Amino acid sequence: MSEPLLEIRDLKTHFATDNGIVRAVDGVDITIRRGETVGVVGESGCGKTVTAMSVLKLIAMPPGRIVDGQILWQGRDLIPLEADELDDIRAKDIAMVFQEPMTSLNPVYTIGEQIAEGLRRHEKLSRRAALERTVEMLRLVQIANAEKRVHDYPHQFSGGMRQRVMIAMALSCSPKLLIADEPTTALDVTIQAQILELLADMKARFGMAVMLITHAMGVVAETAQRVVVMYAGRVIEEAPVDELFANPRHPYTQGLIRSIPHIDRAATTKKRLEAIPGVVPRLIDPAPGCRFAPRCRFAMPACRLATPALRDVGGGHKVACILETGGLPQ
């Protein structure tokens, strides 16, 4: 296997609130290797976005704080770095496509100016060369009439086109890793498919790795090679994508997969979609034990005693459940 590009080790990112400390990310381990797409899935509030934002220290500090762990980029820990040192890595080595492009683009600057800024900063291009490269990137992400649109403002673009602009901006410096935080959430189904196809094409063209954050299991099945399932600030299962869908081991993952609608069955059977009962727990002083236990149909008294460790059950398939790992951590 290739050497890891990014290793997140026991990451803990907490937020101070009036009601107490929110343990948004509470001991996460994720490894991403060169050229692979890793899908990070889970319900809203499980810590996916906070994990991604922590990689580049984009969380608001305060109230947020990385309290423990390591974020190793090609062996170098990013957590101790100062802002100017991180600026050399942001966009150049690790780029990010955010969930809502309208709030990520500055409304008072043209999209050309915003893309060219990173090129001039990291590639040391002249103003003219940066503009030419910007037009080239807009063509690459299939923006029609790029020479004219480069002078337009974000409000003159549709939601799907703004997301294409964000992808062009992220890829302009040829990063080694792209973090895509729910890049299709606010788009209609047709545009979602186009954006996912564009990401796959750009990945092949630039040879980069992708960390794809989403709550849509269908998106992961189409695009990822490996899947990380998060719940309440922790990783509860990880496996190659085919293995995860064929043999989900954690009850939470099983519930996520059962909740996916099947179009091929809809015409012959009238069956309600299965939902996971309950809600994601509060992350202020969470109770000991497995955080999914209050919603789990297989829960037993032992599940509430201590948190099960994420253990390999064979073939790179890891799961944090005492039913699968044979007991609680020592």
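Computed from a predicted structure; not experimentally measured.

## Quick notes on the sheet that holds strand β6 (residues 94-97)
- Taken together, 8 strands build an open sheet; the order of strands is β6-β7-β8-β3-β9-β10-β12-β11 and the sheet is mixed. A strand with exactly one partner marks an edge of an open sheet, and here the two such strands are β6 and β11 (311-312).
- In the packing of helix α1 (residues 48-55) onto the sheet, contacts are made with β3 (37-41), β6, β7 (177-181), β8 (209-214) and β9 (226-231), and the angle to β8 comes to roughly 145°.

## With respect to the packing of helix α5 (residues 127-140) against helix α8 (residues 189-206)
- At a minimum axis distance of 12 Å, the contact between α5 and α8 shows a crossing angle of 125°. Relative to α8, the element α5 is oriented oblique. Seen from α5, the contacting residues are Arg 133, Met 137 and Leu 140; seen from α8, they are Leu 198, Met 202, Arg 205 and Phe 206.
- Along the lines of polarity and charge, the residues of the contact of α5 with α8 split into 5 nonpolar, no polar and 2 charged.

## Structural notes on the pairing of β8
- In terms of residue burial, β8 counts as a mostly covered element, since 6 of its 6 residues are buried.
- What you see with β8 is no split at all: Ala 209, Met 211 and Ile 213 on one side and Val 210, Leu 212 and Thr 214 on the other are buried throughout.
- Pairing between β3 and β8: 5 bridges, direction parallel. Paired with Val 41 across the two strands is Thr 214, which belongs to β8.
- Judged from the 5 bridges that link them, β7 and β8 form a sheet pairing that is parallel. Within β8, the residue paired with Ala 180 across the bridge is Leu 212.

## Section: the packing of helix α4 (residues 111-122) against helix α7 (residues 159-171)
- Running from N to C, α4 and α7 point in directions that differ by 20°, and their axes come no closer than 8 Å. The angle between α4 and α7 places the two elements in the roughly parallel class. Relative to α7, α4 is oriented so that their crossing is right-handed. Contact residues: Ile 111, Gln 114 and Ile 115 in α4; Val 165, Ala 168 and Met 169 in α7.

Cut-offs and rules
Residues numbered from 1 in each chain as written. Predicted model: local features only at pLDDT ≥ 70, side-chain atom pairs only at ≥ 80, totals over all residues. Heavy atoms only, no water. Pairing = 2+ DSSP bridges. Helix = DSSP H or I, 4+ residues; strand = E, 2+ residues; numbered from the N terminus. Contact = heavy atoms within 4.5 Å. Axes fitted to C-alpha atoms, helices over the stretch in contact; angles between N-to-C directions. Parallel < 35°, antiparallel > 145°, perpendicular 65-115°, else oblique. Nonpolar A, V, L, I, M, F, W, Y, C, P; charged D, E, K, R; others polar. Buried < 20%, exposed > 50% of the residue type's maximum accessible area, 1.4 Å probe, protein only. Left-handed = near helix turned anticlockwise from the far one by under 90°.

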